[in-house]
Amino acid sequence: MKKLFIGAVMALGTAFSSVSLSFADELLVPNMTYRVGPYAANGTMMANGFTDYFLMLNERDGGIGGVKVKAEECETGYKAQVGVECYESYRGKNALVHTPNSTGITLQILQKAPEDEVPILTMGYGLSAAAKGETFPWAFNYPTSYWSQMTSILSYIESQGGLKGKKIGFLYLDVGYGREPIPVLEELGPKMGFETLYVPVAGKEMQNQSSHWLTIRKEKPDWVIMWGWGAMNPTAIKEAAKTRFPLDRFIGNWWSGAHVDTQALGSKAKGYLASSFTTTGTDFPAIQDMIKYVVKPGGSKTEMGMPGKVLYNRGMFNAVIIAEAIEVAQKMTGKKNVTGADVRLGLENIKLDEARLKELGLEGFTAPVIGSCADHENGGSIFVQQWDGSDWKRITGLIPPMTDVVQPLLTAAAEKYVSDKSGWTTQKCN
Amino acid sequence: MEILYAILIAPFVEMGAYPDLFIQALWDGFVAGTLYGLIALGFVLIFKASGVFNFSQPILVVLAALSLVSFYKLGIPAWISVILVLIMFYILAWLVERLILRQLVNQDGNILFMSTIGLTFIIIGAAQWIFGGVPSAMIVNELGFPNGSLEWPMFGGGVYFEMIDVSAAVIAVIMIVILAVFFSKTKIGRGLRAVADDHQAALSVGISLNQIWVIVWFVAGIVALVTGIFWGARSDVSFALQIIGFKALPVLIIGGFTSIQGAIIGGLIIGLGEKIFEIYWGPLLGSGVEGWFAYVIALVFLLYRPQGLFGDKLIERV
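Given the structure is predicted, the values throughout are model-derived calculations rather than measurements.

(A) Examining the interface of chain B and chain A more closely. Residue-level contacts link 35 residues of chain B with 32 residues of chain A. If you list the elements that add at least two residues to the side of chain B that touches chain A, you get helix 2 (19-50), helix 5 (109-131), strand 2 (157-162), helix 9 (209-234), helix 10 (241-245), helix 12 (260-280) and helix 13 (290-304) of chain B. With 5 residues, the top contributor of residues to the side of chain B that touches chain A is helix 2 of chain B. Taken together, the residues of the side of chain B that touches chain A break down into 16 nonpolar, 11 polar and 8 charged.

The following block contains the structure:
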């Protein structure tokens, strides 16, 4: 009995010491990944870029502000209910920020963030209305939202012969993510004089799109915009080529223009367009450091040749924003071991301008991201890239969003979202 | 009145006005249908042999496609890679029989079904560990399948026949005919039916249950490989191929779980039906009807002919 008692005390002591150790000696950054399941090809690349950046910071700089970062993955398989379980598993563990990597998961956990005081960063995905910082103090979608992106894509089409009198096909994955930009098309169609043909693709039909493309062939849209993910993207490009739809009139969003979407197709995808907010390639000191400190020594799950690809670089940039927010939070609070609430402040005060991007080894990698209390999307610009048969090539300068159109829509959507949620936490920004 | 016109008249007017599009839809539906039939065939074979719905059939398709491409990437010639995949599937069939089925003889069907779910997760984990998540292109050209497409101009438009689709349809039909003959005219085929009816009765008349199971799982593996090659060619080779595998469910309900002919007829009904319905009636319902059309047809069959078109009617005496 005595031995049992001593054992129990020792076990408890060990448990508590490990908890306090994790609180004191590391910065916990959970990452909801999907390395398995139908979207694994995309999720793996994103996860590797994300994790490798923090591993590099640990190796090169000893972490952030002298505290090591624990970038911990929780596998969701891109399933919303599993994502919620992941979220719940981090309650009480001093997670600094959540990265759901799925709009569906984001929508499920959005209401929990104020209660748990852990911010959610949905980098270029999630609920567009979360851009309104006064209504959504705990959610961020830097560097830009789906709605802003859609207006930038429409601006690009406008510059390529105009939109008036045109028919725009909108091919989208029929889930929350794919449906997200529809309000913008509904708003802008009548204003800009174009008609929209909506072509939803159910998740279980994403590799079976012949009838969707026959519909497109029948309706003859002038352009097709795609909001796809996973195997939907290469299948759509193949079907477009099969139905003789001109690929230089087929433009994907930033989740529909990665190497995993086109590399296996090679020259068959030549001419296909996609938007992006991050640059490809390894010609950046930060990425070189990731290769040097993490990938080459074998400390990563990444194969050589993966750094520099679209989704790897984007996963890395997600980590860059978080690392920057943590550093800002440390400076603002004077604490090394910051909390989720501190990191929220950090996110609102990050200043990733050109000088800072250069300092981080990412000069010219992306448009600046300047945080603010009121604007949680940054209204970032995108550029258009084109697949040349073997790689993505940037073909435009930065295309800003139609802020005058998007902002009123975001305000209305944010108000509508919280209208039936009593006790919703808001904030006032000066 | 307008709605009646849109439902009953307008689609047929469109078919007549653009016959090239209609013929294209029929062709695409036929190709999709034969491929659905092929997927369903993998389920039918194992169901006939053991009365079990093999939940792992879709992941076998993924495993076959990933293995083939990976062997080829190692520098092994394409057709040697095919042979290696077949050897791998024979070993897998033997392992399944030894480690799972043999232990569960005469157990309830639900237990066997659960074991195939377990097998699915084992294969997912192992395949993820071995192959990683990066998608690849299917090596159809390296296997000697023709590339490019044929164009048949008509009425100011044209019908396009992708050569890989032609190959897929031809091979699927040949395979189904061979399997139908093999399982209905040979001793093994008759043995298989006996095993499906009653494990113990089959054993008592000298049929080797273990041998039959190995053969059937191996043949299901061959079907998975052919399915993986042609579906992989339509999209890419990745874990997402698993999703298309479950398209076989409504096909099986329509054709019957025990009929090889039923698999192909059910596949064609779904393939042709969903394409035509999506293109001509889909816009009336907001498009995207292909996702549920097959299940509605299956539901109708469940209500009025639950054993499917060619399935065995279950009669239980109490």
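(B) Layout of the domain arrangement of chain A. Residues and elements named next belong to chain A. Partitioning chain A into domains gives domain 1 (26-145 + 282-380) and domain 2 (147-279 + 384-408). Put simply, the middle of domain 1 and the middle of domain 2, counted by C-alpha atoms, are 26 Å apart. Between domain 1 and domain 2, the contact holds 27 residues from the first and 23 residues from the second. The dominant element in the side of domain 1 that touches domain 2, judged by the number of residues it contributes, is helix 13 (residues 310-333), at 5 residues. Residue composition of the side of domain 1 that touches domain 2, grouped by class: 12 nonpolar, 12 polar and 3 charged.

(C) Helix 16 (residues 403-419) of chain A, seen in detail. Residue and element names in this part refer to chain A. Relative to the 24 Å expected for 17 residues at 1.5 Å per residue, helix 16 spans 24 Å between its end C-alpha atoms, a close match to the ideal helical length. Within helix 16, the full set of buried residues consists of V406, L410 and A414. Viewed end-on, helix 16 has its buried residues packed into an arc of 65 degrees, placing them on one side of the element. Set apart from the buried face of helix 16 by more than 90 degrees, the exposed residues are D404, P408, E415, K416 and S419.

(D) Spotlight on the packing of helix 7 (residues 187-197) of chain B against helix 9 of chain B. Residue and element names in this part refer to chain B. Axis separation between helix 7 and helix 9 bottoms out at 10 Å; the angle between their running directions is 110 degrees. Compared by their axis directions, helix 7 and helix 9 come out roughly perpendicular. Two secondary-structure elements touch here, helix 7 through I188, G191, L192 and V195 and helix 9 through L209, I212, I215 and V216. Class assignment of the residues belonging to the contact of helix 7 with helix 9 gives a composition of 7 nonpolar, 1 polar and no charged.

(E) Local environment of the environment of A:K358. When you line up the elements, A:K358 lands in helix 15 (residues 354-359). Linking A:K358 and A:A286, residues 72 residues apart in sequence, is a C-alpha distance of 9.6 Å.

(F) Representation of the pairing of strand 5 (residues 167-173) of chain A within the structure. Residues and elements named next belong to chain A. Burial analysis of strand 5 places 6 of its 7 residues in the buried class, which makes it a mostly covered element. As paired elements, strand 5 and strand 7 (residues 223-227) share 5 bridges and run parallel to each other. Each bridged residue has a counterpart across the sheet, and for F170 the counterpart in strand 7 is I225.

(G) Representation of the pairing of strand 9 (residues 273-276) of chain A. Residues and elements named next belong to chain A. Of the two faces of strand 9, the one holding L273 and S275 and the one holding A274 and S276 are both buried throughout. Across 2 bridges, strand 8 (residues 250-252) lies against strand 9 in parallel orientation. Paired with I251 across the strands is L273, a residue of strand 9. Pairing of strand 9 with strand 12 (residues 383-387), which is carried by 4 bridges, proceeds in the antiparallel orientation. Along strand 12, the bridge assignment pairs L273 with Q386.

(H) Quick look at the sheet that holds strand 13 (residues 392-394) of chain A. Residues and elements named next belong to chain A. Taken together, the 7 strands give an open sheet; going across it, the order is 6-5-7-8-9-12-13, and neighbouring strands pair in mixed fashion. Edge positions in the sheet fall to strand 6 (195-201) and strand 13, since each of these pairs with one other strand and no more. The average angle at which neighbouring strand axes cross in this sheet is 25 degrees, direction not considered. Bridging between strand 12 and strand 13 involves 3 bridges; their strand directions are antiparallel. When the bridges of strand 13 are listed, Q385 appears paired with R394. Of the strands in this sheet, strand 5, strand 6 and strand 7 touch helix 9 (residues 210-219), which is tilted by about 165 degrees from strand 6.

(I) Structural view of the packing of helix 2 of chain B against helix 6 (residues 163-185) of chain B. Residues and elements named next belong to chain B. The contact between helix 2 and helix 6 brings their axes to 9 Å, and the two run at 40 degrees. As far as their axial angle goes, helix 6 and helix 2 are oblique. In the packing of helix 2 onto helix 6, the handedness of the crossing is left-handed. Touching F30, V31, T34, L35, G37, L38 and L41 of helix 2 are D165, A168, A169, A172, V173, I176 and L179, all from helix 6. Residue classes in the contact of helix 2 with helix 6 are distributed as 11 nonpolar, 2 polar and 1 charged.

What counts as what
- Residues numbered from 1 in each chain as written.
- Chains lettered and ligands numbered in written order.
- Predicted model: local features only at pLDDT ≥ 70, side-chain atom pairs only at ≥ 80, totals over all residues.
- Contact = placed C-beta atoms within 7 Å.
- Helix = DSSP H or I, 4+ residues; strand = E, 2+ residues; numbered from the N terminus.
- Nonpolar A, V, L, I, M, F, W, Y, C, P; charged D, E, K, R; others polar.
- Domains from an automatic or database assignment.
- Expected span 1.5 Å × (residues − 1).
- Buried ≥ 20, exposed ≤ 12 C-beta atoms within 10 Å, placed from the backbone.
- Arc of directions from axis to C-beta.
- Axes fitted to C-alpha atoms, helices over the stretch in contact; angles between N-to-C directions.
- Parallel < 35°, antiparallel > 145°, perpendicular 65-115°, else oblique.
- Pairing = 2+ DSSP bridges.
- Left-handed = near helix turned anticlockwise from the far one by under 90°.

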